[in-house]
Every structure is written in C-alpha cells, then in structure tokens.
Amino acid sequence: MKHDIQNRADIELLVNTFYGKVQKSTIIGYIFNDIAQVDWDTHLPKMYDFWASLLFSEYSFKGNPMQKHIALSKLTPITNTEFTEWLKLFNETVNELFEGEKAEETKQRAGNIVKLLLHKIQS
Ligand code: HEM
C-alpha cells in the first residue's frame, strides 16, 4: 500500500528518485549534467529544502529559482518540450511512490510552477 507524502524522509525519497530519472532522460538529462554541470551533493539537499518549504511550511529554502532558470535558458533552450518532460517525470515519480492529498497537492504545485517558469522564460 502506498502512503501519502508525510515528512522530510518522504520528500528525500521523492527528490532522489525524480532526479535519478532526470539524469537518465534523453530530453533534459544533458541540461543538468552537461550544460549546468550540477553538483548533485549540493542540488539535492537544496531541493529537499525547496519542497519541504512548500509542502510543510518549513522555510528552510533559500534561493532564487526564477533567476536561476532564466539564466539557464540563455545557455540552452528550455521550452515547452523540456518542461513537459520535467513534469511528466515528476508526476510519474509521485504516482509511483505515494498516494493521497499531499501527493495531489505536490503535483498541482509542480504544474503551477512549470507554467510560471515557462511564462517568465518566454517573456
Ligand atoms: C526543464 C525544466 C527544468 C530544468 C532544465 C531545470 C534545471 C535546473 C538546474 C540546472 C538547476 C541548478 C542551477 C544552479 O544551481 O546553477 C536548477 C535549480 C533549481 N530548480 Fe530547476 N529546472 C527545471 C524545472 C524546475 C521546476 C519545474 C522547478 C520547481 C517545481 C524547479 C526548481 C528548482 C529549484 C528550487 C532550484 C534551486 C534554485 C536556487 O538555487 O535558487 N526546476 N534547475
């Protein structure tokens, strides 16, 4: 039986599993690995904080995602195609691991942020 996203350990599992898929994606993997050369030991904990802040009002995340993605989009195209792949992998991961109200909220929020980022990058 799957359970809902309940705590930080659940968020860590979600984030680790999701970015595992991202790294293998032929559509967006190279953006993280080759273009941005992401340091995963730094990026993953940042993403735990990001999601814990959003979902559990933890206020541990400090950063500026908007600015980071706008800068990144100047190095490589990040269009509807890339965001659609991101969201597909994200929702797939949530559905594989969890079930419940918080899981639904997480997918909803990810979808909203995708729309916002896409809008900002295109404008
Ligand atoms: C195709 C879509 C996306 C790509 C290629 C992408 C790529 C990246 C990369 C390479 C970084 C690291 C930047 C750096 O530290 O230098 C980053 C940071 C980040 N991303 Fe994304 N991202 C995407 C979509 C999203 C979405 C939809 C969200 C939120 C739901 C998100 C949330 C974040 C956050 C919170 C950070 C940390 C920002 C900071 O350090 O201030 N990303 N992203």
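Figured I'd write up the structure that's included with this text. Source: prediction; values computed, not measured.

## Overview of the site of the ligand
Near the ligand lie 23 residues; those nearest to it are K46, G63, N64, K68 and H69. In this structure, N64 approaches the ligand through a main-chain N or O atom, which is 2.6 Å from an oxygen atom. One nitrogen or oxygen atom from the side chain of K68 is found 3.2 Å from an oxygen atom belonging to the ligand. At the level of secondary structure, the elements contributing two or more residues to the shell around the ligand comprise α2 (29–35), α3 (40–56), α4 (65–73), α5 (80–97) and α6 (101–122).

## Concerning the coordination of the iron atom of the ligand
Just one protein ligand coordinates the iron atom of the ligand, and it is H69 (NE2) at 2.0 Å. Along the chain, H69 turns up in helix α4.

## With respect to the nonpolar core
In this structure, I11, V15, Y19, F32, W51, W86 and F90 are the most contacted members of the largest nonpolar core, which totals 33 residues. Those elements that provide at least two residues to this core are α1 (8–24), α2, α3, α5 and α6. For this core, the element with the most residues is α3, which contributes eight residues. Discounting chain neighbours no more than four positions away, the residues touching V15 are L44, M47, Y48 and W51.

## With respect to a nonpolar patch on the surface
A cluster of nonpolar residues, Y30, I35 and L75, forms a patch on the protein surface that exposes about 270 Å² of accessible area. Secondary-structure assignment places L75 in the loop between α4 and α5. Its relative accessible area of 61% is what places L75 among the exposed residues.

## Things to note about unusual backbone geometry
Positive phi, close to 45°, is recorded for S57, a residue that is not glycine. Turning to its location among the elements, S57 is positioned in the loop between α3 and α4. At Y59, a position not held by glycine, the phi torsion is positive, near 55°. Mapping Y59 onto the fold places it in the loop between α3 and α4.

## A closer look at the environment of A36
Mapped onto the secondary structure, A36 falls in the loop between α2 and α3. Residue class for A36 comes out partly exposed when judged on its relative accessible area of 36%. In this structure, the C-alpha to C-alpha distance between A36 and L72, residues 36 residues apart in sequence, is 7.5 Å. Not counting residues up to four positions away in its chain, the partners in contact with A36 are I31 and L72.

## Topic: the packing of α3 against α6
The axes of two packed helices give the description: the angle between them and the distance between them. Relative orientation of the contacting elements α3 and α6 amounts to 115°, with a least axis distance of 11 Å. One way to sum up the angle between α3 and α6 is to call them roughly perpendicular. Our pair here, α3 against α6, has a crossing hand that is right-handed. Where α3 approaches α6, its residues F50, W51, L54, L55 and F56 are matched on the opposing element by K102, E105, T106, R109, A110 and I113. Looking at the contact of α3 with α6, its residues break down into seven nonpolar, one polar and three charged.

Procedures and definitions
Residues numbered from 1 in each chain as written. Predicted model: local features only at pLDDT ≥ 70, side-chain atom pairs only at ≥ 80, totals over all residues. Heavy atoms only, no water. Near = heavy atom within 4 Å. Polar contact = N/O pair within 3.5 Å; in protein donor to acceptor, adjacent residues only side chain to side chain. Helix = DSSP H or I, 4+ residues; strand = E, 2+ residues; numbered from the N terminus. Donors = N, O, S within 2.8 Å, 3.2 Å for Na, K, Ca; no water. Core = buried A, V, L, I, M, F, W, Y, C linked by side-chain atoms within 4.5 Å. Buried < 20%, exposed > 50% of the residue type's maximum accessible area, 1.4 Å probe, protein only. Contact = heavy atoms within 4.5 Å. Patch = residues over 30% accessible without salt bridge, like charges linked within 9 Å, V, L, I, M, F, W, Y side chains within 5 Å. Areas by Shrake-Rupley, 256 points an atom, 1.4 Å probe, with all protein chains shown as cover. Salt bridge = Lys/Arg side-chain N within 4 Å of Asp/Glu carboxyl O. Axes fitted to C-alpha atoms, helices over the stretch in contact; angles between N-to-C directions. Parallel < 35°, antiparallel > 145°, perpendicular 65-115°, else oblique. Left-handed = near helix turned anticlockwise from the far one by under 90°. Nonpolar A, V, L, I, M, F, W, Y, C, P; charged D, E, K, R; others polar.

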